[in-house]
Amino acid sequence: MNIRSLSRGDGVVIGAAVLLLIASFLNLSSYGSANAWQSLALLMSVYLAGVIAAALIVTARALPQPRKVAGLELGQFGVALSVFAAWTAFWAILGSGGAGVGLIIGLIAALAQAGAAVATPLVPALKVALIGEARPQVAHPYGTAGGGTQGYGYPGAQQQGGYGYPGGQQQPGGAQQPGQGYGGQPAPDSGATAGGAAGATAAAGSPADFSPFWFAVPVARPLYAEEGSPAPIAELAPGTWYLAVEQRGAALIAQTQDGRRGILQDTTGIQRG
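Residues numbered from 1 in each chain as written. Predicted model: local features only at pLDDT ≥ 70, side-chain atom pairs only at ≥ 80, totals over all residues. Heavy atoms only, no water.

**Description of the environment of L126**
What counts is decided by this rule: Helix numbers and strand numbers start at the N terminus; a helix is a DSSP run of H or I with at least 4 residues, a strand a run of E with at least 2. In this analysis, two residues are considered to be in contact whenever any of their non-hydrogen atoms come within 4.5 Å of each other.
Here L126 is to be found in helix α5 (residues 124-127). On a C-alpha basis, the gap between L126 and D10 in space is 8.1 Å, while along the polypeptide they are 116 residues apart. Other than its neighbours up to four places away in sequence, L126 contacts S7, R8, G9, A119 and T120.

**Focus: helix α3 (residues 74-94)**
Applicable threshold: Helix span is expected to be 1.5 Å times the residue number reduced by one. The rule is simple: take the accessible area with a 1.4 Å probe, protein chains only, and divide by the maximum for that residue type; under 20% is buried, over 50% is exposed, in between is partly exposed. Picture the helix axis, draw a direction to every C-beta atom, and the arc is the one those directions span.
Look at α3: 31 Å from first C-alpha to last across 21 residues, which is about the 30 Å you get at 1.5 Å a residue. Inspection of α3 places L74, G75, G78, L81, S82, A85, A86, T88, A89 and I93 among the buried residues, and these make up the whole buried set. Viewed end-on, α3 has its buried residues packed into an arc of 165°, placing them on one side of the element. Exposed side chains of α3 directed beyond 90 degrees from the buried face belong to W87 and L94. Check the buried side of α3 and you find it contacts α2 (40-62), β1 (68-69), β2 (72-73) and α4 (101-119).

**Brief notes about the side chain of N35**
Worth spelling out the cut-off: For this analysis, a polar contact is any N or O atom pair within 3.5 Å, provided that within protein one partner can donate a hydrogen and the other can accept it, and provided that sequence-adjacent residues contribute only side-chain to side-chain pairs.
Assignment of secondary structure puts N35 in the loop between α1 (8-23) and α2. At 3.0 Å, the side chain of N35 forms a polar contact with the backbone nitrogen of W37. Here N35 is in contact with S24, F25, L26 and L28, once residues within four sequence places are set aside.

**Some points on the nonpolar core**
Filter applied, for reference: To form a nonpolar core, buried Ala, Val, Leu, Ile, Met, Phe, Trp, Tyr and Cys residues must be joined to one another through side-chain atoms within 4.5 Å.
Ranked by internal contacts, the top residues of the largest apolar core, which has 16 residues, are L20, L28, L42, V46, Y47 and L103. Secondary-structure elements contributing two or more residues to this core are α1, α2, α3 and α4. In terms of residues, this core owes the most to one element, α4, which gives five residues.

**Some words on the packing of aromatic side chains**
Aromatic rings in a pair are described by how distant their centres are and how their planes are angled relative to each other. Counted only if it meets this: Any Phe, Tyr or Trp ring, taking Trp's six-membered ring, that has another such ring centre within 6.5 Å forms a pair; planes under 30 degrees apart are called stacked, those over 60 apart edge-to-face, and the others tilted. Only when the NZ atom of a Lys or the CZ atom of an Arg is both within 6 Å of the ring centre and within 35 degrees of the ring normal do we say a charge sits over the ring.
Under the defined criterion, the tally for this structure stands at six aromatic pairs. Grouping aromatic residues by their ring pairs yields a cluster made of F210, F213, F215 and Y242. It is R272 that lies over the ring of F213; its NZ or CZ is 3.7 Å from the centre.

Don't take any of this as a statement about function, it's just geometry.
In structure tokens:
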């Protein structure tokens, strides 16, 4: 599982599940030493139910295709189970007659887990990636870094000397030999020049002009399969960098950290690396 696909809301769900597991070993009552492992009904309906709910929610994040249980996706089933655990813990503490620390912490953890599970898809602050990714080092497009070839017109590039440019060697008296252009360079054929200009114009809009780049999305956006399936195969999370490997019209072919590729249809507001 790619841990960078988890959001802050998922982190709260996982933390609450750990707290529920710890609370299951603490006293349920203020006047006794029994814990949740000595009360099977309470153990299964509150403490282990919360742990299972967290496992379902996190597992749903890792799957490329949503899986369903009893007509609900794993994530939705996990949310429903966390709400059930909080509801059961609430009534258990009301009917305890003297709640112990285990029951109190269990109720707090169950409420926190249910709240995070329900609010994560709705609250932008909870959608932010749990672990941010370091900004990638992008190679300079013109090769001025890393010892690449430097292009004409860019800082440090070696320019060819020609007529009218510093260092250009000029003919005495300004005379030019036949077949030569300014700066002593052979004059191009007019037909070749016209053909070259047309070829350059055509190449400017070709897919070969696209260079892969890193980008991040401002909000969570779905990634669809390249073959055109309507169901998303993944969700791109804010705060994580993804690699754009191809462009198809206004859409991008993006690659996630675990190697999955798909089509990002909505590219508005993306941040390039």
